[in-house]
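Secondary and tertiary structure notes
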Amino acid sequence: MWKWGTRDAEPVDPPQSSTKTPGRLAKKPAEQPGGHPGTGPVRQNVSNVGLYKATLYSNIGSFFFGIAVGWSGTAERCVMERHAYGFQPTPLQWNGVCILLTLGAALWCLPMGMMVRFCGCRRTILIQLLPNVLGWLLTVFAQSVPMLCAGRFFLGMCGGAHCVVVPIYNAEISTTKKRGAMGVIFEGACICGVIYSFAMSLFLELRIINFVNLGLLALGPLQILMPESPAYYVDHDNIPRAEDSLRFLRGQQYDTRREIDHLTRDPTDSEREVRQGPLLGFTYKKVRRSLARSLAVSMLQKLCGALVFIFYGLNMLDCLKIAREFGLILCLGVVLGFLACFFLVDRLGRRPLLIFSSAGIVFVSIFLGLYFKVWMTMDLTAMSWIALFCIALFVGCYTAGVGSLTWVLTAELLVRPMRPLGCSIVCASNWLTAFFVICWFGSHDVKCQPYLFLLFAIIASLILLIALIYIPETKNLSSAKIQQRLGGFMNRPTVITFTSSSDSSNA
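Residues numbered from 1 in each chain as written. Predicted model: local features only at pLDDT ≥ 70, side-chain atom pairs only at ≥ 80, totals over all residues. Heavy atoms only, no water.

Turning next to the pattern of salt bridges. Under the criterion given, the structure shown has seven salt bridges. Here Glu412 and Arg179 are joined by a salt bridge, their closest N and O atoms 2.6 Å apart. Residue Glu412 is located in helix H18 (residues 402–413), and its partner Arg179 is located in helix H7 (residues 179–203); the two are separated by 233 residues in the primary sequence. Arg350 is paired through a salt bridge with Glu412; the nearest N and O atoms lie 2.6 Å apart. Placement of Arg350 in helix H16 (residues 350–373) and of Glu412 in helix H18 is noted, with a sequence separation of 62 residues between them. (Salt bridge = Lys/Arg side-chain N within 4 Å of Asp/Glu carboxyl O. Helix = DSSP H or I, 4+ residues; strand = E, 2+ residues; numbered from the N terminus.)

This is the structure we're talking about:
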């Protein structure tokens, strides 16, 4: 609830008694498994097999999006030099093919918040199979540049939707102790798709790759097996389906009463107001703060250099006079960075990983800037391999923190009633930033210029400062406790708090 603390505090809800308000279903204190009413909660044995399955199913589309992201970088030589299609795009037209993916993602993010709110995460994810299939059909059987551009745009739409929906879904189905690892799976699935595209380009022709990618869409219907979020069922007063979903996610022996009681508790006036109209949530200072911090990290994520290596990584290898096959070293750096994030995010925490990641990007970017300014003039083979190792370290640092945690923090910093709208705004801004970045990179020959890496160092320094000053630690915290930490300078808790009914399970 919102509380008065200062003269200019936010509107408040009527005070509630100190006695715990029972949920809409609970008329008396629920008896805990193996205990008695009033004796306190008893820890349950939770099986996470269902949670892992649901996370895997929900990220199938994320893998498809990663394939689409990596396709343009690996297909450039086949299209521009080997005439893989029956038409020949100009360099300007090819840049349009590349950037339309980001534009489609940015535009399709905006309606996803409303779709998640009314249709739920599961249905929204399943709906994206249509633009995905259409996009790959247009890409595979393209007979002209506009047809290829349309295919890329549809693939971008599907990817933008997954950037909004999947982090929300993973945050709502996960327990607090598994929320970080399940959240970063989204970035891991995209990474697998990009690496898959690069690896396939080393052995197969583009036409065969396109048909294989089209065939992979047969995995899409597996998403039908994923359950809907329990929170969605509760919000729509379907308690039996919410209990079934929880048993799928936590195990058939899981006692759902405590978690259902938490989700079905009587909402505060502020929560009720937000649910009636999400835009009303922006009248509250904590919501504006959490959205502003998510926006800052999300936009800086696309500015700090990763897009250069995804879309123009092979051109970078050409600058270093290294065979493109050795780009697998960059893939190794990305994989190691993701694994570090996956295993440490729920142990070390989000904030330390974000700090270490951005600091690593700063130092490596400065070194690469100096390399391209001074050492590249020496024309020594050893120097090129040192630069390749540093680029691998760069992408590893990026994936270990900034790249993976942006999506996790976007969902965690926003209170549950505001997640659909807030995440759609953040993700649309993220991909709109990517659109302008790719437009600028494509129109300027700056891929191997020293000042480009110094710019990356400055942007990573901004991320480091934001992480140190404004990003709270969210590890093992419920949404209510995260909101309490969203104070002003240095995240000092203020007296205004906002309680949320999400993230109650901490198994």
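Let's pick the thread back up.
All right, on to the side chain of Asn59 then. If you trace the backbone, Asn59 turns up in the loop between helix H1 (49–58) and helix H2 (60–80). Among the polar contacts listed, one links the side chain of Asn59 to the backbone oxygen of Thr55, at a separation of 2.7 Å. Ignoring sequence-local partners within four residues, the contact set of Asn59 consists of Val166, Asn170, Ile185, Phe186 and Ala189. (Polar contact = N/O pair within 3.5 Å; in protein donor to acceptor, adjacent residues only side chain to side chain. Contact = heavy atoms within 4.5 Å.)

With that settled, consider the packing of H2 against helix H3 (residues 91–119). At a minimum axis separation of 10 Å, H2 and H3 run at an interaxial angle of 170°. On the basis of the axis angle, H2 is roughly antiparallel to H3. Within the contact between the two elements, H2 uses Phe65, Ala68, Val69, Trp71, Ser72, Ala75, Glu76, Val79 and Met80 and H3 uses Pro91, Trp94, Val97, Cys98 and Leu101. When the residues that make up the contact of H2 with H3 are grouped by side-chain class, the tally is 12 nonpolar, one polar and one charged. (Axes fitted to C-alpha atoms, helices over the stretch in contact; angles between N-to-C directions. Parallel < 35°, antiparallel > 145°, perpendicular 65-115°, else oblique. Nonpolar A, V, L, I, M, F, W, Y, C, P; charged D, E, K, R; others polar.)

The subject of this paragraph is the packing of aromatic side chains. One pair of aromatic rings is described through two measures. These are the centre distance and the angle between the planes. Summed over all chains, the structure comprises 13 aromatic pairs. For the pair Phe394 and Phe456, a centre-to-centre distance of 6.3 Å together with 50° between the ring planes defines the contact as tilted. Of the two residues, Phe394 sits in helix H17 (residues 381–400) while Phe456 sits in helix H20 (residues 450–469), which places them 62 residues apart along the sequence. Considering the side-chain rings of Phe435 and Phe436, the 5.4 Å spacing of their centres and the 70° angle between planes classify their relative orientation as edge-to-face. Classification of Phe435 by relative accessible area gives buried; the value is 15%. Classification of Phe436 by relative accessible area gives exposed; the value is 52%. By the ring-pair criterion, three or more aromatic residues cluster together here, those being Phe63, Phe64 and Tyr196. (Phe/Tyr/Trp six-rings, centres within 6.5 Å; stacked < 30°, edge-to-face > 60°. Buried < 20%, exposed > 50% of the residue type's maximum accessible area, 1.4 Å probe, protein only.)

Trp71, Tyr85, Trp94, Leu148, Val164, Leu354 and Trp431 are the most contacted members of the largest nonpolar core, which totals 128 residues. With 12 residues, helix H6 (residues 145–173) is the single largest residue contributor to this core. Setting aside residues up to four positions removed in sequence, Leu354 forms contacts with Gly401, Val402, Leu405, Leu409, Ile463, Ala467 and Ile471. (Core = buried A, V, L, I, M, F, W, Y, C linked by side-chain atoms within 4.5 Å.)

Let's shift gears to the environment of Asn132. Following the sequence through the fold, Asn132 ends up in helix H5 (residues 129–140). Put simply, Asn132 and Leu214 are 82 residues apart on the chain and 9.5 Å apart in space, counted from C-alpha to C-alpha. Filtering out sequence-adjacent residues up to four positions away, Asn132 remains in contact with Phe64, Leu155, Cys158 and Leu217.

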